[in-house]
Amino acid sequence: MVIFFGQPGSGKSTQGKLLAANKDWCWISAGQLLRDSDDPSIDAILNSGKLVPFETICGLVGDALSKCNNVAHVVIDGFARNIGQSRWLIENGIKYNRAVELIVVIEIDEKTIIERLSSRGRKDDTEQAIRNRLDIYKEETYPVLDYFRKEGIKIVYIDGSGTPEQVHVQIMKEVELCKLA
Ligand code: ADP
């Protein structure tokens with residue numbers, strides 16, 4: 001599994017999709033699974049910018065992983081976002097014959113994030129929801145990288161300020177270095 005990390009607006013979904021398409025790998029987006037679930041109680045949490053409950057997101061990600069059986073590698077976007085989810089991913093990955101092989105962190109400054117999100121116009125891109133998502137990323141998600149580092153997982157940091165194609169080229173270099181392909 002290749003896990004994409006990055007603040008909202010960093011371009012991690014765009015990049016995760018490009019990588020998965022380039023390699024014919026599975027792409028699993030936690031946010032997309034939740035948006036597709038069409039459940040009003042989930043919608044309300046999405047609109048607040050807070051995290052949905054552990055069981056909800058782990059259930060969806062587990063189902064998605066079980067559908068990727070025949071694919072060499074899986075790209076995961078937006079999961080894990082806290083320590084509990086990280087432990088779950090490492091422990092349950094084994095069930096699906098998957099290990100966390102690489103973490104790609106896309107870095108970008110906050111001014112660019114706000115500009116990108118305000119022009120994107122998704123329902124949960126209100127000022128308060130964006131603020132909550134940025135806070136959760138700093139307080140809960142970013143520290144998860146230490147957990148993965150201690151597990152011996154390789155983490156690479158990518159400058160997300162270029163064009164999607166420029167960022168993609170940097171990511172492909174790292175993936176090739178990892179010899180996943
Ligand atoms: P962004 O990276 O811009 O926040 P996402 O599509 O990844 O966009 O996530 C949108 C929303 O989906 C989050 O604000 C949160 O409410 C919910 N969500 C996504 N991933 C998770 C997760 N791993 N655990 C709990 N909630 C999540």
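Student: How should the sheet that holds strand β5 (residues 154-159) be read in this particular structure?
Tutor: Hydrogen bonding along the main chain pairs the strands of a sheet, whether they run parallel or antiparallel. Sheet architecture is open: five strands sit in the order β2-β3-β1-β4-β5, paired in parallel fashion. This sheet does not close on itself; its edge strands, each paired only once, are β2 (26-29) and β5. For this sheet the average axis-to-axis angle between neighbouring strands, irrespective of direction, equals 20°. Sheet topology note: the β2/strand β3 (residues 74-77) ladder contains four bridges and is parallel. Its bridge partner lying in β3, Ile-28 is registered against Ile-76.

Student: Is there a simple way to think about the layout of surface pockets in this case?
Tutor: To find leftover empty space, a probe the size of one water molecule is rolled over the atoms. One number sums up the size of the largest pocket: a volume of about 780 Å³. Among the elements of the structure, α1 (12-23), β2, α2 (30-36), α3 (40-48), α6 (110-120), α7 (127-141) and α9 (164-177) are those that each provide at least two residues to the lining of the largest pocket. Its residues assigned to classes, the lining of the largest pocket comprises 14 nonpolar, 18 polar and 11 charged.

Student: Looking at this structure, I do not really get the packing of aromatic side chains. What am I missing?
Tutor: The relative placement of two aromatic rings is captured by the distance of their centres and the angle of their planes. Under the criterion given, the structure shown has four aromatic pairs. Judged by centre distance (5.7 Å) and plane angle (90°), the rings of Phe-79 and Trp-88 are edge-to-face. We note that Phe-79, like Trp-88, is buried. When the ring of Tyr-147 is compared with that of Phe-148, the centres are 5.6 Å apart and the planes differ by 70°; the resulting orientation is edge-to-face. Put simply, the rings of Phe-5, Tyr-147 and Phe-148 touch in pairs and so form one group of aromatic residues.

Student: Even after reading the chapter, I still don't get the nonpolar core, so can you show me in this structure?
Tutor: In this structure, Phe-5, Ile-76, Phe-79 and Ile-103 are the most contacted members of the largest nonpolar core, which totals 33 residues. It is helix α4 (residues 54-66) that contributes the most residues to this core, five residues altogether. If sequence neighbours within four positions are ignored, Ile-103 has contacts with Ile-3, Phe-5, Leu-145, Phe-148, Ile-153, Lys-154, Ile-155 and Val-156. Formed by 17 residues, the second largest nonpolar core is a distinct cluster that contains Phe-4, Leu-19, Trp-25 and Val-104.

Student: Got a minute to help me understand the site of the ligand in this structure?
Tutor: Around the ligand lies a shell of 20 residues, among which Lys-12, Lys-50, Arg-81, Gln-85 and Arg-133 are the nearest. Between a nitrogen atom of the ligand and a main-chain N or O atom of Val-52, the distance comes to 3.1 Å. Separating an oxygen atom of the ligand from a side-chain N or O atom of Arg-120 is a distance of 3.5 Å. Relative to its unbound accessible area of 550 Å², the ligand is 98% covered by the protein chains. Among the detected pockets, the ligand sits in the largest pocket. It is α2 that contributes the most residues to the shell around the ligand, four residues altogether. Per-class residue counts for the shell around the ligand are eight nonpolar, four polar and eight charged.

Student: Teacher, can you tell me more about the pairing of strand β1 (residues 2-6) here?
Tutor: Successive residues of a regular strand alternate their side chains across the two faces of the sheet. Across the five residues that make up β1, a large majority, five, are buried. Note that β1 and β3 share three bridges and pair parallel. Bridge pairing in β3 links Val-2 to Val-75. With five bridges joining them, β1 and strand β4 (residues 102-107) adopt parallel strand pairing. Bridge pairing links Gly-6 to Ile-106 in β4.

Thresholds, definitions, all that
Note that residues are indexed from 1 along each chain, following the sequence as it is written. Only residues with pLDDT of at least 70 get local features here, since the model is predicted, and only at 80 or more are side-chain atom pairs given and counted; chain-wide, interface and lining totals rely on the full set of residues. The side-chain values count all of the structure's non-hydrogen atoms but skip hydrogen atoms and water molecules. Two strands are counted as paired when DSSP detects at least two bridges linking them. Secondary structure elements follow DSSP: runs of H or I of four or more residues count as helices, runs of E of two or more count as strands, with numbering from the N terminus. Only the stretch in contact is used when fitting a helix axis, every axis being a line fitted to C-alpha atoms; angles between N-to-C directions are given from 0 to 180 degrees. Points on a 1 Å grid over protein atoms alone make up a cavity when a 1.4 Å probe fits among them but cannot get out, and a pocket when they form an open set with protein on both sides within 12 Å along at least five of seven lines; lining residues each have an atom within 4 Å of a point. Grid points are joined across faces, edges and corners, and a volume is the space filled by probe spheres set on the points. When residue character is reported, Ala, Val, Leu, Ile, Met, Phe, Trp, Tyr, Cys and Pro are called nonpolar, Asp, Glu, Lys and Arg charged, and the others, Gly included, polar. Each Phe, Tyr or Trp ring, with Trp reduced to its six-membered ring, pairs with another whose centre is within 6.5 Å; inter-plane angles below 30 degrees give stacked pairs, above 60 give edge-to-face pairs, and intermediate values give tilted ones. Partly exposed residues are those whose accessible area sits between 20% and 50% of the maximum for their type, while under 20% is buried and over 50% is exposed, using a 1.4 Å probe and protein chains only. Buried Ala, Val, Leu, Ile, Met, Phe, Trp, Tyr and Cys residues that are joined via side-chain atoms within 4.5 Å together make up what is termed a nonpolar core. Contacts between residues were defined by any pair of non-hydrogen atoms, one from each residue, lying within 4.5 Å. Being near a molecule or strand, for a residue, means having at least one of its heavy atoms within 4 Å of it. Within 3.5 Å is the distance limit for a polar contact, defined as a pair of N or O atoms, with the added protein rule that one can donate a hydrogen and the other accept it, and that residues adjacent in sequence qualify only through two side-chain atoms. Note on areas: Shrake-Rupley, 1.4 Å probe, and residue coverage restricted to the protein chains presented here. In this description, a molecule resides in a pocket or cavity if more than half of its atoms sit within 2 Å of the grid points defining it.

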